Amino acid sequence: MSGGLFRSPPPRRALDPGVAMAALPMPVLALDAHDRFVFVNHAAEYFFGISAGQLGGLAIGDLVRPGHPLFGLIAEVRQGNLIVVQHDLAFEGPRLAREGISVQGAPLPEIADGVLLVLQDTSAARALDRQLTFRKAAQNVTNMAAMLAHEVKNPLSGIRGAAQLLEASVAEADRELTVLIRDEADRIRTLVDRMEVFGEKPSERGAVNIHRVLEHVRRLAQSGFASSVRFVETYDPSLPPVLGNRDQLVQAVLNLVKNAAEALTEAAMAGAEITLITAYRHGMRLATPGGEQRAHVPLMVAVRDNGPGIPDGITQNLFDPFITSKAAGSGLGLALVAKIVADHGGLIEMESRPGRTEFRLFLPMANDDSAPAR
Ligand SMILES: Nc1ncnc2c1ncn2[C@@H]1O[C@H](COP(=O)(O)OP(=O)(O)OP(=O)(O)O)[C@@H](O)[C@H]1O
Ligand SMILES: [Mg+2]
């Protein structure tokens, strides 16, 4: 055998590397010594929201704000003639708003001072990680709810009934105690009823107009708990209907809006604002744990507030039941959101820092042939 590493014959028609590069799912761009674009692939066009033709005459500085860490990275690549990686960069501009982007820069030997940049959206990987966490949380709650409802309800109605009987016969001075027993039994009953929702099987799903859901929640909120908060709506009007259960989706969004309003009210800050967002996220397709199929969940519904952010120390278990920072909170709101979104085959992303907290739900489309049957 003549030299060479391959035992099998090489592919008959070699692939043009340019074609492969163009098809790469992550944005790839090459810059010349003056930071002008000399190559962009399709994913980069999509990322910057601009076509390759338009990018031809532009430099990276036309799209990314001055002082952005990307320029430091590019300078480092040129100076050291080495590969430089930076994680968790945010890109904001008139046409783009992305966070959690990792950038790798490498020298381009063919072009003097040329730099090749590869961008990677790590938020999807992190979302998958979180998806596993919140699915587990939803499962925990479901099991616990069934157990609680079963074990607590019967003896509780016995206790309540007995207290009521006693009430009629005890001395006036002791009546206060029997009333206390009755009221506390009622309080537990309410909690158990709230928990019982978790044990329910996923209900009927159909085509739901998510904008009507958001409108409904906004009206509820503005006429009640969020009357002092300004609402901003950033909708994609062409968004197709969600495959879901309308009442459950109302419940999920309401819980998110309620949390946002509570965070804003507690902080008592001026300019309190809740933004409701819908968007189509192309390529939001995630493998479900243990599943063969990939769920196509491109419809994004987000609730953002400009409050103080999630308190330190609870983000890890945020979707678990009974996790709360509020004196009167039961910590069931987000657990229920997790359960509803899991029942819909969707996923949740959460991002929080002071001044900006955003919960994003990704949901399947109605009439989507590629959506797994559930
Ligand atoms: N938008 C937000 N901004 C700041 N903190 C938040 C936000 N959303 C949730 N949290 C934090 O997450 C915790 C859990 O929220 P969750 O809705 O599960 O329970 P809760 O609001 O405390 O009680 P419940 O919803 O049962 O009344 C909250 O106590 C709060 O600390
Ligand atoms: Mg809540």
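The numbering scheme is per chain: residues are counted from 1 as the chain's sequence reads. Here every chain gets a letter starting at A, and every ligand a number starting at 1, in the order they are written. In view of the model being predicted, local features appear only for residues whose pLDDT reaches at least 70, and side-chain atom pairs are presented and counted only at 80 or more, with totals across whole chains, interfaces and linings using the full set of residues.

## Some remarks on the site of ligand 1
1) Next: In the vicinity of ligand 1 lie 23 residues, with Asn259, Ala263, Thr324, Gly329 and Gly333 positioned nearest.
2) Next: Where helices and strands are cited, they refer to DSSP runs of H or I of at least four residues and of E of at least two residues respectively, numbered from the N terminus. Looking at the shell around ligand 1, the elements that each hand over two or more residues are α8 (246–267) and α9 (333–343).
3) Next: Per-element accounting of the shell around ligand 1 gives the leading share, 4 residues, to α8.
4) Next: Counted by class, the shell around ligand 1 contains 10 nonpolar, 11 polar and 2 charged residues. Any residue qualifies as near a molecule or strand once its backbone-derived C-beta atom lies within 6 Å of it. All amino acids are sorted into three groups, where Ala, Val, Leu, Ile, Met, Phe, Trp, Tyr, Cys and Pro are nonpolar, Asp, Glu, Lys and Arg are charged, and the leftover types, Gly among them, are polar.

## A word on the sheet that holds strand β14 (residues 356–363)
1) Next: Whether two strands pair comes down to DSSP finding at least two bridges between them. Reading across from one edge, β7-β9-β12-β14-β13 is the order of the 5 strands in this open sheet, with mixed pairing throughout. Of all the strands in the sheet, the pair left with one neighbour each is β7 (230–234) and β13 (347–353). Put simply, the sheet's adjacent strands are angled 15 degrees from each other on average, direction ignored.
2) Next: Where strand β9 (residues 273–280) meets strand β12 (residues 299–305), 7 bridges bridge the pair, whose relative direction is antiparallel. Paired with tyrosine 280 across the bridge in β12 is leucine 299.
3) Next: Running over the sheet, helix α7 (residues 210–222) touches β7, β9 and β12 and is turned about 175 degrees from β9. Interaxial angle, 0 to 180 degrees, is taken between N-to-C directions of lines fitted to C-alpha atoms, where a helix line uses only the stretch in contact. Working definition of a contact: two residues with C-beta atoms, positioned from the backbone, lying within 7 Å.

## Observations regarding the pairing of β9
1) Next: Relative to β9, β7 runs parallel, the two sharing 5 bridges. Note on β9: the bridge partner recorded for arginine 230 is glutamate 273.

## Quick notes on the sheet that holds strand β5 (residues 114–121)
Strands pair in a sheet through their backbones, by hydrogen bonds, and they do so in one of two ways: parallel or antiparallel.
1) Next: Across the sheet, which stays open at both edges, the 5 strands sit in the order β2-β1-β5-β4-β3 with antiparallel pairing between neighbours. Two strands lie at the open edges of the sheet, namely β2 (37–40) and β3 (84–92), each paired on one side alone. Neighbour to neighbour, the strand axes of the sheet diverge by 25 degrees on average, direction disregarded.
2) Next: Looking at chain direction, strand β4 (residues 97–108) and β5 are connected through 8 bridges and run antiparallel. Note on β5: the bridge partner recorded for proline 107 is valine 115.

## Comments concerning the confidence of the model for the protein chain
1) Next: For every residue, the pLDDT score states the predictor's confidence, bounded by 0 at the bottom and 100 at the top. Here the protein chain averages 84 in pLDDT, and 87% of its residues register 70 or above.
2) Next: Counting interchain partners and residues more than four positions distant, the pLDDT-below-50 stretch residues 1–6 has 0 contacts.
3) Next: Counted against residues more than four places away or in other chains, residues 288–292, with its pLDDT under 50, gives 4 contacts.

## Considerations on the nonpolar core
1) Next: By convention in this section, buried Ala, Val, Leu, Ile, Met, Phe, Trp, Tyr and Cys residues joined through C-beta atoms within 7 Å make up a nonpolar core. Each residue is classified by how many other C-beta atoms fall within 10 Å of its C-beta atom, where C-beta atoms are placed from the backbone; a count of 20 or more means buried, 12 or fewer means exposed, and values in between mean partly exposed. Core analysis: the biggest nonpolar cluster contains 49 residues, and Val253, Val257, Ala338 and Val341 have the highest contact counts within it.
2) Next: When residues in this core are grouped by element, the largest group, 10 residues, is from α8.
3) Next: An automatic or database domain assignment provides the domain bounds reported here. The residues that make up this core include at least three from each of domain 2 (129–199) and domain 3 (206–363).
4) Next: Excluding anything up to four places from it in sequence, valine 257 contacts Val217, Ala221, Ala226, Ile274 and Val303.
5) Next: In this structure, Leu29, Ala30, Val84 and Leu119 belong to the second largest nonpolar core, which totals 24 residues.

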